[in-house]
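Per-entry structural report
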Amino acid sequence: MLSRQKRPDNDRARQVCQTRATILDRRELGESLMVIAADLEMPYETVKTYAKLARRSLKSL
């Protein structure tokens, strides 16, 4: 995922990719996006978008 970011050397890009991977992993374990959003203290819509983008990123590999 990190290699697909515009600026992969940036700390923010690393943090976003790590968050997306965490969300995707927890989603595959069967957790709901609402629970993940609450645990990560992020808005539900952001978690939903991150999950969607992470799936797309892995699908294109």
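First, a word on what this report is: a plain description of the structure on this page.

1. Digging into helix α1 (residues 11–28)
Under the 1.5 Å per step criterion, the end-to-end length of α1 is 26 Å for 18 residues, consistent within 8% with the ideal 26 Å. Structurally, α1 contributes buried residues whose contacts are with α2 (33–40) and α3 (44–59). Directly beyond the C-terminal end of α1, a positive phi value near 100° is found at G30.

2. Overview of the nonpolar core
Counting residues in each nonpolar core, the largest one holds eight residues, listed as V16, I23, L33, I36, A37, V47, Y50 and A51. Sorting the residues of this core by element identifies α1, α2 and α3 as the ones contributing at least two each. When neighbours within four sequence positions are excluded, I23 is seen to be in contact with L33, I36, L40, V47, Y50 and A51.

Rules and cut-offs
Residues numbered from 1 in each chain as written. Predicted model: local features only at pLDDT ≥ 70, side-chain atom pairs only at ≥ 80, totals over all residues. Heavy atoms only, no water. Helix = DSSP H or I, 4+ residues; strand = E, 2+ residues; numbered from the N terminus. Expected span 1.5 Å × (residues − 1). Contact = heavy atoms within 4.5 Å. Core = buried A, V, L, I, M, F, W, Y, C linked by side-chain atoms within 4.5 Å. Buried < 20%, exposed > 50% of the residue type's maximum accessible area, 1.4 Å probe, protein only.

Read these as layout, nothing more, since geometry by itself doesn't imply function.
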